[in-house]
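In case you want the letters, here they are:
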Protein chains: 2
Amino acid sequence: MMNILITSVGRRTQLLTYFKEELNGQGNLVATDNSELAPALYVADKHYIVPRITDPEYINILLNICKEEKVVAIFSLIDPELSIISKHASLFENIGVKPIVSPFDVCELWLDKYKTQSFCLDNGFNYAKTYNNLNSFQDAILKRKISYPVFIKPQKGSASLNINKANNFEEANLIFNSSQEMIIQEYLAGQELGVDVYIDFVSKKVISIFIKEKIAMRAGETDKSKSIKSDKLTSIIEQLVVKAGLVGPVDIDIFEQNGEFYISEINPRFGGGYLHAYECGVNFPKFIIQNLIGNINTPTIGEYEENVYMMKHDTLTIRKQ
Amino acid sequence: MMNILITSVGRRTQLLTYFKEELNGQGNLVATDNSELAPALYVADKHYIVPRITDPEYINILLNICKEEKVVAIFSLIDPELSIISKHASLFENIGVKPIVSPFDVCELWLDKYKTQSFCLDNGFNYAKTYNNLNSFQDAILKRKISYPVFIKPQKGSASLNINKANNFEEANLIFNSSQEMIIQEYLAGQELGVDVYIDFVSKKVISIFIKEKIAMRAGETDKSKSIKSDKLTSIIEQLVVKAGLVGPVDIDIFEQNGEFYISEINPRFGGGYLHAYECGVNFPKFIIQNLIGNINTPTIGEYEENVYMMKHDTLTIRKQ
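Model, not experiment: these values are computed from the prediction.

Rules of the game
- Residues numbered from 1 in each chain as written.
- Chains lettered and ligands numbered in written order.
- Predicted model: local features only at pLDDT ≥ 70, side-chain atom pairs only at ≥ 80, totals over all residues.
- Heavy atoms only, no water.
- Pairing = 2+ DSSP bridges.
- Helix = DSSP H or I, 4+ residues; strand = E, 2+ residues; numbered from the N terminus.
- Buried < 20%, exposed > 50% of the residue type's maximum accessible area, 1.4 Å probe, protein only.
- Least-squares fit on C-alpha atoms with pLDDT ≥ 70 in both.
- Contact = heavy atoms within 4.5 Å.
- Buried area = accessible area lost by both parts, 1.4 Å probe.
- Salt bridge = Lys/Arg side-chain N within 4 Å of Asp/Glu carboxyl O.
- Domains from an automatic or database assignment.
- Polar contact = N/O pair within 3.5 Å; in protein donor to acceptor, adjacent residues only side chain to side chain.
- Phe/Tyr/Trp six-rings, centres within 6.5 Å; stacked < 30°, edge-to-face > 60°.
- Lys NZ or Arg CZ within 6 Å of the ring centre and 35° of its normal.
- Axes fitted to C-alpha atoms, helices over the stretch in contact; angles between N-to-C directions.
- Parallel < 35°, antiparallel > 145°, perpendicular 65-115°, else oblique.
- Nonpolar A, V, L, I, M, F, W, Y, C, P; charged D, E, K, R; others polar.
- Arc of directions from axis to C-beta.

1. Some remarks on the sheet that holds strand 3 (residues 46–49) of chain A
Residue and element names in this part refer to chain A.
- Strand order in the open sheet formed by five strands is 3-2-1-4-5, and the pairing between neighbours is parallel. Pairing within the sheet leaves two strands with one partner each, and these edge strands are strand 3 and strand 5 (98–99).
- As paired elements, strand 4 (residues 71–76) and strand 5 share two bridges and run parallel to each other. Bridge assignment links A73 to a residue of strand 5, and that residue is K98.

Written out as structure tokens, the structure is:
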């Protein structure tokens, strides 16, 4: 049996449905979340309510679920858990469970927007100008390296939480000091793109790159998007993921401004907009299952239809307690 | 044929699905939106892309669709359109179309949070303290009638857009002056409730009141909720909707603080969280269809199960163009 454990599943019912369809009875889908009101729990064949990821017993609880459910692979759907699973990868491997996650230092790097800037600059990738203190920011303003409006957000943020726009120094100062560990970032006015990448964790080769234009966002997630192709961006992404040491499913946010591509964010996990790629035939669950069997996937970069639109909308699950 | 036109359908696919099921082939469901990427368009039997509601030709275009599709009733799913349809109600009635909407002045009143406060105070309903200028607000602060934090939002806002929290006068001043027609409102710390009400538009009697506790919000909409009952709140709502002259489906937001109920907002239309009521057997589409036939609905206030949880999550629609 090819039993797979997905953790912190939240509301990602559709992604779990794809896995269940791909497993097609050849394995159980097991899901965890800390809330009984995480609707994706009820898509899985079996589910567990677990403590928060910060609980000292958290990893032990996951290890026990893996043993109990004879799980062969584990992965998480939320950013702050990636480093935790990656850090304890050997504990999972020791009991025959493959953690589908990038190496620990890679996960940590992409959580931190200031470190991300350094990596991009060192390796020749464009990145929004980013400052971690008001002095260097004001200096850049004076030297006209950056201009208002700017975005102020947590250095290690996720899910577009706590992002504020500042139109002048008064606002910037107020917002920057309203919370710990904030950064000030250049406003990129261009088209936002989302890229879904799969790097084979047997061959370490890039297998798939799916590019979409973001048309509308909602609660920090892509709500409407359109599939597009770009040879230039595909080439940048191929170089980036190899240099960055990423493996498995990766979600990359990009800004296109005046024909240049700027890295905005890398999430080494399934992105919330991955559904669009799947519906265009880009099947990451299949790639993962092939890798778990020990097979290498054949690269199919760019093999999808252009100008396909995705629109997300709500459905619901009802529970009586 | 009982053909119904729903306008500005957006992403409300599930609500349209309920109508389609209730019509059960006895009428067509016709939908409009200004965007081809409104997923609910594709649930309807027939759909039209129309200009924005501010277009001078908008009402004529709707009237033509009504004639073309032999529509017997029309209603909108967005706040700013309620007054527009209500204002032109006679034009629809003249061609045999029933606008399912409250009277014009009622729609206008509930769009405006400052007027709402006056109505509530005049009629003995609790409402969050609301100020439309900084002087009266500062005076209230000095007299300890209100304390920080406060919310600053548009006087005629909708969809929880542009709502900001201010913790001191410096922030309040900055936010209040950042945009036109803002109000400053008391922060109510209690439990937020959502109420779905149906007022029969033949008998003018309240037919149904469904109360839910809001557990989690997302993009200004109830994402998770729990059905509850409260005789006290039911009685307040019955008085409120009659005094307010509301008819048809109405969505009311309430805060419960120290056992008192405060009106937060009234939307004279289907609320985004109505799906929860429907799944608990509270069938507004059925009430509407009975009213359109000319039948009076029997009141079934409070006839639903308590402690039923709703969890919303995403599904998607794909379009090729």
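2. A few points about the pairing of strand 4 (residues 71–76) of chain B
All names here are of chain B.
- Counting buried positions along strand 4 yields five of six residues, so the element is predominantly enclosed.
- Bridge count for strand 1 (residues 3–7) against strand 4 is five bridges, and the pairing is parallel. For T7, the partnering residue across the bridge sits in strand 4 and is S76.

3. A look at the relation of the copies chain A and chain B
- Between chain A and chain B, which share one sequence, the superposing operator has a rotation angle of 180° and an axial displacement of 0.0 Å; the RMSD is 0.0 Å. Those values place the two copies in the arrangement expected of a two-fold rotation axis. Rotation axis and chain A: the residue whose C-alpha lies nearest the axis is A:D314, separated from it by 2.3 Å.

4. Quick word on the interface of chain A and chain B
- Listed as interface residues are 37 residues of chain A and, on the opposing side, 37 residues of chain B.
- Between chain A and chain B, the buried area comes to about 3,900 Å², and carbon and sulfur atoms account for 58% of it.
- Area buried by chain A at its contact with chain B is led by A:R11, A:M311 and A:H313, which between them contribute 21% of it.
- Summed over the shared surface of chain A and chain B, the result is eight salt bridges.

5. Overview of the pattern of salt bridges
- Counting across every chain of the model gives 30 salt bridges over all chains.
- Linking B:R218 and B:D314 is a salt bridge whose minimum nitrogen-to-oxygen distance equals 4.0 Å. One end of the pair, B:R218, is in strand 12 (residues 206–218); the other, B:D314, is in strand 16 (residues 308–320), and 96 residues separate them in sequence.
- The structure contains a network of salt bridges with shared partners spanning A:R11, A:E221, A:K312, B:R218, B:D223 and B:D314.

6. Here we look at the domain arrangement of chain A
All names here are of chain A.
- Along its sequence, chain A is carved into domain 1 (3–101), domain 2 (129–186) and domain 3 (189–311).
- The C-alpha centroid of domain 3 is placed 22 Å from the C-alpha centroid of domain 1.
- Domain 1 puts 20 residues into the contact, and the matching count from domain 3 is 19 residues.
- Broken down residue by residue, the surface that domain 1 buries against domain 3 is led by Y18, E22 and I100, which jointly contribute 35%.
- For the interface between domain 1 and domain 3, the tally reads one salt bridge.
- Residues R269 and D79 are paired through a salt bridge, measuring 2.5 Å at the closest nitrogen-oxygen approach.
- Across the contact surface, domain 1 and domain 3 share five residue pairs in polar contact (both at pLDDT 80 or more).
- For the side of domain 1 that touches domain 3, the secondary-structure elements that each account for two or more residues are helix 1 (13–23), strand 4 and helix 3 (79–87).
- Of all the elements, helix 1 adds the most residues to the side of domain 1 that touches domain 3, at seven residues.

7. Remarks on unusual backbone geometry
All names here are of chain A.
- Cis geometry marks the peptide bond from Y148 to P149; its omega dihedral reads -5°.
- When you line up the elements, P149 lands in the loop between helix 7 (134–142) and strand 8 (150–154).
- For S8, which is not glycine, the phi torsion reads 50° and is therefore positive.
- Mapping S8 onto the fold places it in the loop between strand 1 (3–7) and helix 1.

8. Overview of the packing of aromatic side chains
Residues and elements named next belong to chain A.
- Counted by the stated rule, this structure contains 32 aromatic pairs over all chains.
- Seen from their ring centres, Y198 and F287 are 5.3 Å apart, and the 40° between their planes marks the pair as tilted. Within this pair, whereas Y198 is found in strand 11 (residues 191–199), its partner F287 is found in helix 11 (residues 284–293), the two being separated by 89 residues in sequence.
- We classify F287 as buried; its relative accessible area is 11%.
- Put simply, the rings of Y18, F19, F75, Y198, F270, Y274, Y278, F284 and F287 pair up and form one aromatic cluster.
- A cation over an aromatic ring shows up here: K229 above the ring of Y304, its NZ or CZ 5.0 Å from the ring centre.

9. Examining the side chain of B:S264
- Its place among the elements puts B:S264 in strand 15 (residues 260–267).
- Once residues within four sequence positions are removed from consideration, B:S264 is found in contact with B:Y127, B:D253, B:I254 and B:F255.

10. Some words on the packing of helix 5 (residues 104–111) of chain B against helix 6 (residues 113–122) of chain B
All names here are of chain B.
- Running from amino to carboxyl end, helix 5 crosses helix 6 at an angle of 105°, the nearest separation of the two axes being 5 Å. Taken together, helix 5 and helix 6 sit at an angle that is classed as roughly perpendicular. Seen from helix 5, the contacting residues are L109, W110 and L111; seen from helix 6, they are K113, K115, T116, F119 and C120.
- Across the contact of helix 5 with helix 6, the residue classes tally to five nonpolar, one polar and two charged.

11. Some details on helix 7 (residues 134–142) of chain B
Residue and element names in this part refer to chain B.
- Listed as buried for helix 7 are L134, F137 and A140. What you see down the axis of helix 7 is that its buried residues fit within an arc of 125°, all on one side. Set apart from the buried face of helix 7 by more than 90 degrees, the exposed residues are N135 and L142.
- Among the structural elements, strand 7 (130–131), strand 8 (150–154), helix 8 (169–176) and strand 10 (182–186) are those in contact with the buried residues of helix 7.
- Capping of helix 7 at its N-terminal end is provided by N133; its side-chain oxygen lies 3.0 Å from the backbone amide nitrogen of N135.
- Phi turns positive one or two residues past the end of helix 7, at R144, with a value near 55°.

12. Here's the deal with the environment of A:N162
Residue and element names in this part refer to chain A.
- Along the polypeptide, N162 turns up in the loop between strand 8 and strand 9 (164–166).
- The class of N162 is partly exposed, set by a relative accessible area of 40%.
- C-alpha separation for the pair N162 and T300, spaced 138 residues apart in sequence, amounts to 37 Å.
- The residues touching N162, leaving out its near neighbours within four places in the chain, are I152, K153, P154, S179 and M182.

13. Here's the deal with the environment of B:K204
- With respect to the secondary-structure elements, B:K204 resides in the loop between strand 11 (191–199) and strand 12.
- A polar contact of 3.4 Å, which involves the side chain of B:K204, links it to the backbone oxygen of B:F201.

14. Comments concerning the sheet that holds strand 10 (residues 182–186) of chain A
All names here are of chain A.
- With antiparallel pairing, the four strands of this open sheet are ordered in space as 7-10-8-9. Of all strands in the sheet, those with a lone pairing partner are strand 7 (130–131) and strand 9, marking the two edges.
- Pairing geometry for strand 8 and strand 9, over three bridges, is antiparallel. Bridged to I152 within strand 9 is N164.

15. Quick word on helix 5 of chain B
- Where helix 5 of chain B is concerned, the buried positions are B:V106, B:C107, B:L109, B:W110 and B:L111.
- Next to the buried residues of helix 5 of chain B lie helix 3 (79–87), helix 6, helix 9 (231–244) and strand 15 of chain B.

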